[in-house]
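Coordinate inspection notes
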Amino acid sequence: MTGLGAVFRPQLPPERLREVVRLADAAGLEELWLWEDCFREGGISAAAAALAWSEQVRVGVGLLPVPLRNVAITAMEVATLDRLFPGRAIIGVGHGVQDWMGQVGARVESPVTLLREHLDALRALLRGERLTTDGRYVKLDDVGLDWPPESPVEILAGATGPRTLRLSGAAADGTILTASTAPDGVRRARQLIDEGRESAGRTEPHKVVVYLLTATGPDAAARLRAELAEEGLESVPDLGVAGDAGAVAKAVQRLAEAGADTVILQPTGDEPDPEAFVRFAAEEVRALVP
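Below, the structure is looked at part by part. (Residues numbered from 1 in each chain as written. Predicted model: local features only at pLDDT ≥ 70, side-chain atom pairs only at ≥ 80, totals over all residues. Heavy atoms only, no water.)

1. What to know about the environment of Ala287
Filter applied, for reference: Only DSSP runs of H or I reaching four residues or more are called helices, and only runs of E reaching two or more are called strands; each is numbered from the N terminus. Relative accessibility under 20% of the residue-type maximum defines a buried residue, over 50% an exposed one, and the middle range a partly exposed one, all with a 1.4 Å probe and only protein chains included.
With respect to the helices, strands and loops of the structure, Ala287 is situated in the segment after α10 (274-285). Here Ala287 falls in the exposed class, since its relative accessible area comes to 63%.

Shown next, in the form of C-alpha cells:
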C-alpha cells in the first residue's frame, strides 16, 4: 500500500498545530509532516508537541538543515523523541536552503561533504555506538548517547541533485523529494539512489517520500497555478494536482508507479482551511489510493 500523509506548512502560526494534529489523529491520517524552514517553527520542538497531542499519527520532520545543527544535538533530540514516542517520529536531514544558511553564518563550502559526515555520525550514534571522528566538518571525541533508541531509527535525507541523491542511497535509510519532482523525476531519482546503494553495498529497503503540491475546492486550479508560478515551476509538466479526491488519488498513484513509497500532500501556501485539507487527505483520498 502506498503511504499517504499531509503537510502542516510553517507559514501557519504554531498555535494552529494542536487542532490540526488532533484532527489528523482522529481522522486516521498516517503521517503529518512538519518543515523546519528558516525562520519559522523549530522542527524538533513542533514534532515533540505534535506527538504529545496525538496517539497514532506518525510525525515527520522534513527536514532538519544540518549546517544549523551539531550532530550530537541532532542525535540527542532524535533519540529522545523515539524513546518518548517509539516508532512515531520520522526524521529527515538535508543541506538546507543555502541562502538561509548564509544568513545565519552557517553556509559551508561543501554541503555534500557535510551531509555525508552528518549522516554517518548520526546513524552511528543512534545505533548506540561511541564515536570519535575528525572529519572536515564533523568532529567528535568519544561521544555516545546515554539514552540511545531502543529500536533502530531510520534517518532520511532530502535530496534533489544527482550527487546528493547518490549520497542518500549510500548513507541514508530513505530519501525525501520535493514537490518540484514530477513522476519522471521520481524515476530518475530512484535510479541515482540505487546507484548510491550499490556503491555502498546497501541491500535493505530504501523508502522514497515525495511531496505532492495539492489544491482542492472551487478555486483549486487557480491556486495551484499561482503557487507554481511563484516558484518558477509553471512550465514543468505533471507537477501538482488540483481537483477532487479522485483526481488527487490518480496523481498519487502516478508518483507511486514511478517509485514513491509514500506521497505527502502539500497544500498551497494560501490553503484556506488546513483542518479540512487534512480531513480530505485522511478520509477521501486515502480511500481511493491502493
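Text resumes after the structure shown.
2. Let's talk about the environment of Thr178
How we decide: Any two residues whose heavy atoms approach within 4.5 Å at even a single point are treated as in contact. Distance and chemistry together define a polar contact, namely a pair of N or O atoms within 3.5 Å, with one atom able to donate a hydrogen and the other to accept it when in protein, and with adjacent residues in sequence counting only for side-chain atoms on both sides.
Mapped onto the fold, Thr178 is located in the loop between β8 (174-177) and α7 (183-200). Along the backbone, Thr178 and Gly158 are 20 residues apart, and their C-alpha atoms lie at a distance of 7.9 Å. Thr178 has contacts with Thr160, Val210 and Tyr211, leaving out every residue within four places of it along the chain. There is a polar contact of 2.6 Å between the side chain of Thr178 and the side chain of Ser180.

3. A short note on the packing of aromatic side chains
Going by this rule: Put simply, two rings from Phe, Tyr or Trp (the six-membered ring, in Trp's case) pair if the centres are within 6.5 Å, and we call them stacked under 30 degrees between planes, edge-to-face over 60, tilted for the rest.
As enumerated under the stated definition, the model contains 3 aromatic pairs in all. Measuring from centroid to centroid gives 6.2 Å for Trp33 and Tyr211, while their planes differ by 90°, and the two rings are edge-to-face. Separated by 178 residues along the polypeptide, Trp33 in strand β2 (residues 31-34) and Tyr211 in strand β9 (residues 207-215) bring together distant segments of the chain. The pair Trp33 / Tyr211 is uniform in exposure class, with both members buried. Ring plane angle 70° and centroid distance 5.7 Å describe the contact between Trp35 and Tyr211, whose orientation is recorded as edge-to-face.

4. Points about the pairing of strand β7 (residues 155-158)
Test applied: Being paired, for any two strands, means DSSP has found at least two bridges between them.
Of the two faces of β7, the one carrying Ile155 and Ala157 and the one carrying Leu156 and Gly158 are both buried. The pairing of strand β4 (residues 89-94) with β7 spans 3 bridges and is classified as parallel. Opposite Gly92, over in β7, you have Leu156 as the bridge partner. Here β7 pairs with β8 via 3 bridges, running parallel.

5. Here we look at the environment of Leu64
Among the structural elements, Leu64 can be located in strand β3 (residues 58-65). Considering only alpha carbons, one finds Leu64 and Thr74, 10 residues apart in sequence, at a separation of 8.6 Å. Among residues more than four places away in sequence, those in contact with Leu64 are Glu36, Gly43, Ile44, Arg69, Thr74, Ile91, Gly92, Val93 and Gly94.

6. Points about a nonpolar patch on the surface
Convention followed: Patch members must show over 30% relative accessible area and no salt bridge, and they are joined within 9 Å when carrying like charges or within 5 Å when they are nonpolar side chains of Val, Leu, Ile, Met, Phe, Trp or Tyr. Surface accessibility in these figures is a Shrake-Rupley result with a 1.4 Å probe; residues are shielded only by whichever protein chains are displayed. A carboxyl oxygen of Asp or Glu within 4 Å of a side-chain nitrogen of Lys or Arg is what we treat as a salt bridge.
Together, Phe39, Leu68 and Val104 make up a nonpolar patch on the protein surface, roughly 280 Å² of accessible area in all. Checked against the element boundaries, Val104 lands in the loop between α4 (98-103) and α5 (111-126). The exposure class of Val104 is partly exposed, given its relative accessible area of 39%.

7. A few points about the packing of helix α6 (residues 162-171) against α7
How two helices sit against one another is set out by the angle between their axes and by the gap between those axes. Put simply, the rule is: The angle between two axes is taken between their N-to-C directions and runs from 0 to 180 degrees, where each axis is a line fitted to C-alpha atoms and a helix contributes only its stretch in contact. For classification purposes, an angle smaller than 35 degrees is called roughly parallel, one larger than 145 roughly antiparallel, one from 65 to 115 roughly perpendicular, and anything else oblique. Two helices that cross are described as forming a left-handed crossing if the nearer one is turned anticlockwise from the farther one by less than a right angle, and a right-handed crossing if clockwise. Polarity classes work like this: nonpolar for Ala, Val, Leu, Ile, Met, Phe, Trp, Tyr, Cys and Pro, charged for Asp, Glu, Lys and Arg, and polar for all others, with Gly in that last group.
Taken N-terminus to C-terminus, the directions of α6 and α7 make an angle of 50°; their axes are 6 Å apart at the nearest point. Judged by the inter-axis angle, α6 sits oblique to α7. Where α6 crosses over α7, the handedness of that crossing is right-handed. Between α6, through Pro162, Leu165, Arg166, Gly169 and Ala170, and α7, the contact on the second element is made entirely by Ala189, Leu192, Ile193, Glu195, Gly196, Arg197, Ser199 and Ala200. In terms of residue class, the contact of α6 with α7 is built from 7 nonpolar, 3 polar and 3 charged.

8. Points about α7
The test is simple: Helix span is expected to be 1.5 Å times the residue number reduced by one.
Helix length check: α7, at 18 residues, gives a terminal C-alpha distance of 26 Å against a target of 26 Å (1.5 Å per residue), a fit within 8%. Buried residues of α7: Pro183, Val186, Ala189, Arg190, Leu192, Ile193, Gly196 and Arg197, and no others. The elements touched by buried residues of α7 are α6, β8, β9 and α9 (245-258). Taken from the residues just after α7, Gly201 is the one with a positive phi, measuring 70°.

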